[in-house]
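Overview (structure and organization)
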Amino acid sequence: MQKSFIPKNAYRLVAGIAALVVGLGLTGCASSQNSTEGTPAATEVVLATHDSFAMSDELIAEFEQSSGLKLTLIKAGDAGELTNKLTLTKDAPIADAVFGIDNTFAGVAEEAGVLDGNLTAISFGDVCLNYDKAWFANKGLAAPTSIKQLTDAKYKGLTVLTNPTTSSPGLSFLAATVSVFGESGWKDYWRALKSNGVKIAGGWEDAYFTDFSGSSGKGNYPIVLSYSSSPAFEIRENGESGTASILDGCFRQTEFAGVLKNAKNPAGAKALVEFMLGSSFQSALPTSMYVYPIVEGTKLPDDWQKWATLTSTPVGQELDINRDRSNWLTAWSEIFG
């Protein structure tokens, strides 16, 4: 929120008015030539993001040069944590703009009055299960092809998912299970997952880069909740991807940016959102954050055609997430304690 200030002649103005009331013979008060002063021009814009946000130094420099503003980034947890933090600080926001609220948490931000105007779609992707191809080949075990198979005994202790109360991929997958198994069956599915040794990580980065066996972390879980584009970033020396996506039960996630209500620099925030729709930022999204650019016609990396396949049958689009989110999360939390 902008700080209010008192023009330095205000005290003179008050004294002049008092003299006029008391003396009646005085015809004026202090000169009004200094009655207002201009507010200093903003020099910085602050962007709050989820922890997986990435923007190259070159892109930051491009924005700063075009806008004349210094860009400061604040990472505030996964999308759910980010949304909650913005809700709690809405009267004195931690930033001017936000990136990373998705279609599973957008209703929370809108109902809480966090935003100045509407959210703007910036990117999208399919939240899908991924698996480590080499792990399954070495074990002589066929990888699952459907989310329904994760409860099979032969996949016991092989899957890491993310907490839907804080993680947007986690909430996306929870919504997918509601869509696939229905209101009468999704809780039983999660109970079966728990009995089958599923691990729940706090966020996507921990699950993918630490717990998953098929990426840099070399963890103990060969099945992970991630994105259908993730295999494009696991190309091995032989030119093949080391991972693959399970394109059954995928939820299409859209990520948004917006101006925060009570921002110190709303004009700068608006300029930043507009920059995110520009060709430079849009074309960088696939390699920086594993997601598809929202602007049609944006060129994609060559290997995305083969390794970053979107599902042809996304699930969950019929759900009223904003209406049912709280009940889903309460029920899920009761299952996982």
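One structure accompanies this document, and this report is about it. (Residues numbered from 1 in each chain as written. Predicted model: local features only at pLDDT ≥ 70, side-chain atom pairs only at ≥ 80, totals over all residues. Heavy atoms only, no water.)

**Focus: the layout of surface pockets**
The volume enclosed by the second largest pocket comes to roughly 230 Å³. Along the wall of the second largest pocket there are 15 residues; nearest its centre are His50, Ser52, Trp204, Tyr227 and Met289. Mapped by element, the contributors of at least two residues to the lining of the second largest pocket are α6 (168–181), α8 (204–211), β8 (243–259) and α10 (279–289). Of the residues assigned to the lining of the second largest pocket, the class counts are seven nonpolar, five polar and three charged. (1 Å grid on protein atoms, 1.4 Å probe; cavity = no way out; pocket = protein on both sides within 12 Å on 5 of 7 lines; lining within 4 Å. Points joined across faces, edges and corners; volume = space filled by probe spheres on them. Helix = DSSP H or I, 4+ residues; strand = E, 2+ residues; numbered from the N terminus. Nonpolar A, V, L, I, M, F, W, Y, C, P; charged D, E, K, R; others polar.)

**A closer look at helix α12 (residues 321–336)**
Considered for burial, the residues of α12 that qualify are Ile321, Asp324, Arg325, Trp328, Leu329, Ala331, Trp332, Ile335 and Phe336. Residues of α12 that are buried make contact with α4 (106–112), α6, α7 (186–195), β6 (199–201) and β8. Just downstream of α12 lies glycine 337, where phi reads positive at about 70 degrees. (Buried < 20%, exposed > 50% of the residue type's maximum accessible area, 1.4 Å probe, protein only. Contact = heavy atoms within 4.5 Å.)

**Some thoughts on the packing of aromatic side chains**
For the structure on display, the rule yields 22 aromatic pairs. Ring centres of phenylalanine 53 and phenylalanine 281 lie 6.5 Å apart, and the angle between their planes is 25 degrees; this geometry places the pair in the stacked category. Here phenylalanine 53, found in the loop between β1 (44–49) and α2 (57–67), pairs with phenylalanine 281, found in helix α10; they are 228 residues apart in sequence, far enough to count as distant. Measuring from ring centre to ring centre gives 4.7 Å for tryptophan 332 and phenylalanine 336, while their planes differ by 20 degrees; the resulting arrangement is stacked. Taken as a pair, tryptophan 332 and phenylalanine 336 lie in helix α12 at a separation of four residues, close to a single helical turn. When its relative accessible area of 4% is taken as the criterion, tryptophan 332 is described as buried. Joined through ring pairs, the aromatic side chains of Phe124, Trp204, Tyr208, Phe209, Phe212, Tyr227, Phe233, Tyr290, Tyr292 and Trp304 make up one cluster. For the cation-ring pair, lysine 194 lies above phenylalanine 336, with the distance from its terminal atom to the ring centre recorded as 5.7 Å. (Phe/Tyr/Trp six-rings, centres within 6.5 Å; stacked < 30°, edge-to-face > 60°. Lys NZ or Arg CZ within 6 Å of the ring centre and 35° of its normal.)

**Thoughts on the side chain of threonine 159**
By the element assignment, threonine 159 lies in strand β5 (residues 159–162). When its relative accessible area of 4% is taken as the criterion, threonine 159 is described as buried. Not counting chain neighbours up to four residues away, the residues in contact with threonine 159 comprise Leu150, Gly197, Val198, Lys199, Tyr221 and Ile223.

**Examining the packing of α6 against α12**
Contact geometry for α6 and α12: axes closest at 11 Å, N-to-C directions at 95 degrees. Judged by the angle between their axes, α6 and α12 are roughly perpendicular. Between α6 and α12, the contacting residues are Leu171, Leu174, Ala175 and Val178 on the first element and Ile321, Arg325, Trp328, Leu329 and Trp332 on the second. Residues that form the contact of α6 with α12 fall into these classes: eight nonpolar, no polar and one charged. (Axes fitted to C-alpha atoms, helices over the stretch in contact; angles between N-to-C directions. Parallel < 35°, antiparallel > 145°, perpendicular 65-115°, else oblique.)

**Some points on the pairing of strand β7 (residues 223–227)**
With respect to burial, β7 is a largely interior element, five of its five residues being buried. Inspection of the sheet shows strand β4 (residues 120–132) paired to β7 by five bridges, in the antiparallel sense. Looking at β7, one finds that cysteine 128 is bridged to serine 226. The pairing of β5 with β7 spans two bridges and is parallel. Pairing of threonine 159 across the sheet is with isoleucine 223, part of β7. (Pairing = 2+ DSSP bridges.)

**Remarks on the packing of α7 against α12**
One way to put it is that α7 packs onto α12 with a least axis distance of 10 Å and a crossing angle of 30 degrees. Relative to α12, the element α7 lies roughly parallel. The two elements α7 and α12 cross, and the hand of that crossing is right-handed. Only Trp328, Ala331, Trp332, Ile335 and Phe336 of α12 make contact with α7, whose side of the interface consists of Trp186, Lys187, Trp190, Arg191 and Lys194. Along the lines of polarity and charge, the residues of the contact of α7 with α12 split into seven nonpolar, no polar and three charged. (Left-handed = near helix turned anticlockwise from the far one by under 90°.)

**Some thoughts on the nonpolar core**
Residues Leu129 and Trp190 are the most contacted members of the largest nonpolar core, which totals 62 residues. With seven residues, α12 is the largest single contributor of residues to this core. Look past the residues within four positions of leucine 129 in its chain and what remains in contact with it is Ile147, Leu150, Leu161, Phe173, Ile223, Val224, Leu225, Ala244, Ser245 and Ile246. Phe53, Leu71, Phe99 and Ala257 belong to the second largest nonpolar core, which has 24 residues in total. (Core = buried A, V, L, I, M, F, W, Y, C linked by side-chain atoms within 4.5 Å.)

**Description of α8**
Of all the residues in α8, the buried ones are Trp204, Ala207, Tyr208 and Asp211. Here the buried residues of α8 occupy an arc of 120 degrees about the axis, which is enough to place them on one side. (Arc of directions from axis to C-beta.)

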